[in-house]
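# Observations on the three-dimensional arrangement
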Amino acid sequence: MGDHTQPVPATSRRLPLRMWLLQSRAYLALIVLFIAFSLLTPAFLTTGNLVILTKQVAINAILGIGMTFVILSGGIDLSVGSVVGLCGMVAGWLLTEGLILPPFGVSIFFAVPIVMLLTLVAGIAVGALNGWLVTRLGVAPFIATLGTLYIARGAALLISDGATFANLVGQDDLGNTGFPALGADTFLALPYPIWVMALFAVAAAFVARKTPFGRQVYAIGGNEKAAELSGVRVNRVKLVTYMISGLCAAMVGLIIASQLVAAHPATGETFELNAIAVVVLGGASLMGGRGTIGGTIIGAFVIGVLVNGMVLLGVSEFWQIVIKGAVIVLAVVVDQWQQRMQQKSLVRMQA
Amino acid sequence: MTHAENIANDKNGTALPRRTGSSNGSDKTEPVLRTEGIVKRYPGTTALDGVDFNVYPGCVNVLIGENGAGKSTLTRILAGIESPTSGQLLLRDQSIAPASPREGRALGIGVIHQELTLFPNLSVSENLFTGRELVSGVGTVQHGKQKEVARTLMARLEQDISPDTLVEDLRIGQQQLVEIARALAEDVSILIMDEPTSALSRAETEILLRIVGELTAQGVAIVYISHKLDECLRIGDRFTVLRDGRLVAEAPAQDVSLAWIVENMSGRSEGALFRKEARTIGEPVLRVENLSLPRPHGGGYLIKNVSFTVRAGEAVGIYGLMGAGRTELLECLLGMHPDARGSVFLGDRSLAGLRIDERLQAGLALIPEDRQRLGVLRNMSVAKNISLAALSRFTRGPALSGRRENREVWRMIETLGIRVSSARQSIATLSGGNQQKAVVAKSLLTQPRVLMMDEPTRGIDVAAKSDIFHIVDDLAAQGMGILFVSSELKEVIALADRALVMARGRLTAALEGEDITEQHLADASVIAPSTEHPNEQVA
Ligand SMILES: Nc1ncnc2c1ncn2[C@@H]1O[C@H](COP(=O)(O)OP(=O)(O)OP(=O)(O)O)[C@@H](O)[C@H]1O
Ligand SMILES: [Mg+2]
């Protein structure tokens, strides 16, 4: 048995240079942008600017991490921007008005960590709603999450009747002070949002690469039927991906509300598009089954550096939008190109 | 005993003896299509290494070789789907370099691919004309005309399939026939068939072989790739053997025998035929009682009142014609059809109401028939495909233990002889037969109590087939229950301790030991159910 099967000796394990350049293009683009902006404007390469930049990157990166799981499994989550807004409002409401228990006519105020926890739970709940619509009711992910995009935004507006919860500093006598720290304070000279991003990224990369769940997410994105016949609990795994996305969106909602020390119901509009953009920039396929957390983080940095640099250079805001769009399209075009080179034969093998 | 002619250095193939006594095209010894020194390299593999292949007009040019020998790769180069790393193609002594399948077609080269390439969401007639729709003067598609042509083609293939049927509603064998019809709809002078019969029933195979005869009579050159050697011997006019990407032998039919083929393919002489070992049969592990599955539309039943048991250490084969309900039966056992009725017990445990994953967990496993749709995950590596169903075995705490996973994966790669350059290679880069072996490996790793296999040796070469037989035999000897579906009589006879025959959704025979003969199996597979059970209504 097996004597006709010596592994074919590898003629060359190394990739041709061209392939290598293509594969690491996101890193290269980042490095090129970095060097270019450093040369073009002295304000770019300063500690202060880099910290600001990374704080901005953290928002897209965290959203992108959740979105990566959903996209890997072959879905999409359009609701994240609204969830950011809704969860900011939930936090603001819990801090300023507390949880009102109608029968007793009293409201309960929670300490900041509990408020945060409840807010994250709210985000996970919206994710669970998405997952439930997609898996149990069989609604296409695009439609289901488009629906929750509106529902969550509407709910955010309803919470305060459209008003802003301002000055979320809490009150000493209620024991709920300290909320702004998340957005403003630092640990080891780095602001908390950067730590949160790092934590989420490491955890997500571990889950995606090293756990059965992560493997199953890729499997579902690659061939849902085959995954099911291999014992993957397709519905449950999909549900969890949406819950992860909800969790990430809630985290961003907290960070933004904390940075602004206020919660506004319109916060996070169009954030879902940024999140999708960074995932795609990171090399993921919207068809599912291909992409990495690392790629998404790089994608977030590419967008972040680009925007930051253009601001420093005084590029008009309108041009910034155009350029951002062009970069996204370019990234996908190059990605297609790479896929074609790499899989020319593969795709054709079944063609 | 015949001798192989090693013609690796013979550029034109003119030294070949002329074939005499053939009824068709024997007077044309000049190849219509030749390749010269074709080399194709992939990262990590040389798929073709200096191949000089000759295709003769009006002949069935059989191309054989083990899984991964390079047959499909050569096919893709001939059809213009891929370009060779070096070497050239000569069509009627003119150098050609088709850069796309479209250009290949324009040169009169058509292909029926190993893996189906139909659009499941389109109708049969739309599939037949994708890319070259019949267009009216104003640029609209002439659906009526297309359907007419489709109807004629289906009639030629003796299929009762309406041109409006969606391809996804067809059985895989029928899909294969549509694929064949698509090639027939084109005007080709060279037609390449890459394992066209791997999904076909006997009757369907006969139809195909008849059509091959018609085409060669018209002077069309057929390149025929198949692992069913008896089929090749029956229709082949010229034989070419590839091994490890090299052309090792070429000979006309009269010099070719089964022994010649096997010897040239694997470089080892024909091994001892697989022999079933006497096994100790234990307690029933799978019990099926009165299983029925209503047809999704139109009433009637796909499976009607099927009852049987599989005991530990026993291999039970289910024979039947395509469409007899065998695949559906296995699918029901796995829980893929929620509206199935009847009871299924695994050991003492009833599987009623359990989901697919719970049934797998309980100890069932299925190697599906349609490997592209239900078996392989094309976005993942060979290793990840193989380990997917058994991840819980490789999990330590929250994380996967890469080392254990790797060890088990390599054990499977070695026992099944999967030809890889690395376990991290994408599964999509494996040859068709090796993908099938990977799917088999995936199921074996779960160490099921009952292993269900639906046409498990589809597309697998002879040597590997007997390897898989041996593995199945070993597993049964260790007490696993095996339930397999096969359309090949020989496979059922070789492997099954007991054979069940299905026809139109019913069990029509249960044979044991010496009673498992080709005659009995074939007879039972065509019994009309209404005569068997006059009281029951079947649609
Ligand atoms: N795109 C690719 N990348 C890497 N290796 C490839 C690629 N395509 C084919 N190969 C390798 O080339 C070799 C020949 O494959 P090919 O599909 O031609 O085999 P085959 O003779 O058709 O086998 P089978 O009988 O199993 O269909 C195999 O080892 C396969 O793994
Ligand atoms: Mg092949």
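Within each chain, residue numbers correspond to sequence positions counted from 1 in written order. In the order they appear in the text, chains get letters beginning with A and ligands get numbers beginning with 1. Residue-level local features of this predicted model are given only where pLDDT is at least 70; pairs of side-chain atoms are given and counted only at 80 or more, and the full residue set underlies all totals for whole chains, interfaces and linings. To get the side-chain values, all heavy atoms of the structure are used, and hydrogens and water are removed first.

### Some thoughts on the overall build of chain B
Elements are defined by DSSP. Helices are runs of H or I of four residues or more, strands are runs of E of two residues or more, and each kind is numbered from the N terminus. When you go through chain B residue by residue, the secondary structure sums to 18 helices and 23 strands. The principal-axis extents of the C-alpha atoms in chain B amount to approximately 70 × 55 × 50 Å. Whether a residue is buried, partly exposed or exposed follows from its accessible area with a 1.4 Å probe, protein chains only, as a fraction of its type maximum: under 20%, in between, or over 50%, in that order. Out of the 539 residues in chain B, the part that is buried amounts to 58%. Pairs of residues are marked as contacts when any of their non-hydrogen atoms sit within 4.5 Å. Sequence-distant contacts in chain B: of pairs separated by 6 or more residues, those separated by 24 or more amount to 70%. When the accessible surface of chain B is summed, it comes to about 21,300 Å², and 48% of that surface belongs to carbon and sulfur atoms. His residues and chain termini do not enter the charge count, which takes Lys and Arg as positive and Asp and Glu as negative. A charge is said to be at NZ when it belongs to Lys, at CZ for Arg, at CG for Asp and at CD for Glu. If the 60 positive side-chain charges of chain B are averaged to one point and the 67 negative ones to another, these points end up 4 Å apart. All accessible areas in this document rest on Shrake-Rupley with a 1.4 Å probe, and a residue is counted as covered only by the protein chains that are shown.

### Examining a nonpolar patch on the surface
Only residues whose relative accessible area exceeds 30% and that form no salt bridge are eligible for patches; like-charged ones are grouped when within 9 Å, while nonpolar side chains (Val, Leu, Ile, Met, Phe, Trp, Tyr) are grouped when within 5 Å. Every case where a carboxyl oxygen of Asp or Glu lies within 4 Å of a side-chain nitrogen of Lys or Arg is listed as a salt bridge. On the surface, a nonpolar cluster with roughly 620 Å² of combined accessible area is contributed by Tyr27(A), Ile31(A), Phe34(A), Ile35(A), Leu39(A) and Leu45(A). Locating Ile35(A) in the fold gives a position in helix α2 (residues 25-40).

### Some thoughts on the nonpolar core
In this description, a nonpolar core means a group of buried Ala, Val, Leu, Ile, Met, Phe, Trp, Tyr and Cys residues linked to one another through side-chain atoms lying within 4.5 Å. If you look at the biggest cluster of nonpolar residues, it comprises 141 residues, and the most contacted ones within it are Ile386(B) and Ile482(B). Looking at this core element by element, the count peaks at 12 residues for helix α3 (residues 47-72) of chain A. Residue contacts for Ile482(B): discarding those within four places in its chain leaves Val310(B), Glu314(B), Ala315(B), Val316(B), Leu451(B), Met453(B), Val472(B), Leu475(B) and Ala476(B).

### Side note on the sheet that holds strand β13 (residues 301-311) of chain B
Where strands meet in a sheet, backbone hydrogen bonds hold them as pairs that are either parallel or antiparallel. Residues and elements named next belong to chain B. Two strands are said to pair when DSSP picks up at least two bridges between them. On the basis of which strands lie adjacent, the open sheet formed by four strands has the order β13-β12-β15-β16 and antiparallel pairing. Each end of this open sheet is capped by a strand with a single partner; those strands are β13 and β16 (349-350). Where strand β12 (residues 284-294) and strand β15 (residues 341-346) come together, five bridges link them in antiparallel fashion. Within β15, the position partnered with Leu-286 by the bridge is Leu-346.

### Considerations on helix α17 (residues 518-525) of chain B
Because an α-helix packs 3.6 residues into every turn, residues spaced three or four apart end up facing the same way. All names here are of chain B. Of all the positions in α17, only Leu-521, Ala-524 and Ser-525 are classed as buried. In a view along the axis of α17, the buried residues occupy a sector of 100 degrees, so they form one face of it. For α17, the secondary structure elements touched by its buried residues are β14 (315-320), α16 (489-495), β22 (498-503) and β23 (506-512). Arc, as used here, means the arc of the directions from the helix axis to the C-beta atoms.

### Here's the deal with the side chain of Thr327(B)
Residues and elements named next belong to chain B. By the element assignment, Thr-327 lies in helix α9 (residues 326-334). The class of Thr-327 is buried, set by a relative accessible area of 19%. A polar contact of 2.7 Å, which involves the side chain of Thr-327, links it to the side chain of Asp-454. Beyond its immediate chain neighbours, meaning those up to four positions away, Thr-327 contacts Glu-369 and Asp-454. Here a polar contact is recorded for every N or O atom pair within 3.5 Å, except that within protein the pair must consist of a potential hydrogen donor and a potential acceptor, and residues adjacent in sequence are included only if both atoms are side-chain atoms.

### Focus on the state of the cysteines
By disulfide we mean two sulfur atoms from cysteines, separated by a distance within 2.5 Å. A complete count under the given rule lists zero disulfides over all chains for this structure. Cysteine Cys248(A) shares no disulfide, and the gap to the nearest cysteine sulfur, in Cys87(A), comes to 11 Å. Here Cys59(B) stays free of any disulfide, with the sulfur of Cys232(B) as its closest cysteine sulfur at 15 Å.

### Digging into the environment of Thr164(A)
Residue and element names in this part refer to chain A. Its place among the elements puts Thr-164 in the loop between α6 (141-160) and α7 (181-184). A relative accessible area of 38% places Thr-164 in the partly exposed class. Distance from Thr-164 to Gly-92, taken between C-alpha atoms, is 8.6 Å for residues 72 residues apart in sequence. Not counting residues within four places of it along the chain, the set of residues in contact with Thr-164 comprises Ala-262, Ala-263, His-264 and Pro-265.

### Considering the confidence of the model for chain B
Residue and element names in this part refer to chain B. On average, residues of chain B score 83 in pLDDT, and 90% of them are at 70 or above. The lowest-confidence element of chain B is helix α18 (residues 529-532), averaging 44 in pLDDT; the highest-confidence one is helix α12 (residues 382-387), averaging 95. Across residues 529-539, confidence stays below pLDDT 50; counting only partners more than four residues off in sequence or on other chains, it has 13 contacts. Among the prediction metrics, the complex's ipTM stands at 0.84, with pTM recorded as 0.83. The pLDDT value expresses, per residue, how confident the predictor is, ranging between 0 and 100.

### Here's the deal with the pairing of strand β4 (residues 60-65) of chain B
Residue and element names in this part refer to chain B. Burial of β4 is extensive: six of the six residues sit out of reach of the surface. Of the two faces of β4, both are covered, the one formed by Val-60, Val-62 and Ile-64 as well as the one formed by Asn-61, Leu-63 and Gly-65. Bridge count between β4 and strand β9 (residues 221-225): four bridges; the pairing is parallel. Among the inter-strand pairings, Leu-63 is bridged to a residue of β9, identified as Ile-225. Inspection of the sheet shows β4 paired to strand β10 (residues 238-243) by five bridges, in the parallel sense. Within β10, the position partnered with Ile-64 by the bridge is Val-241.

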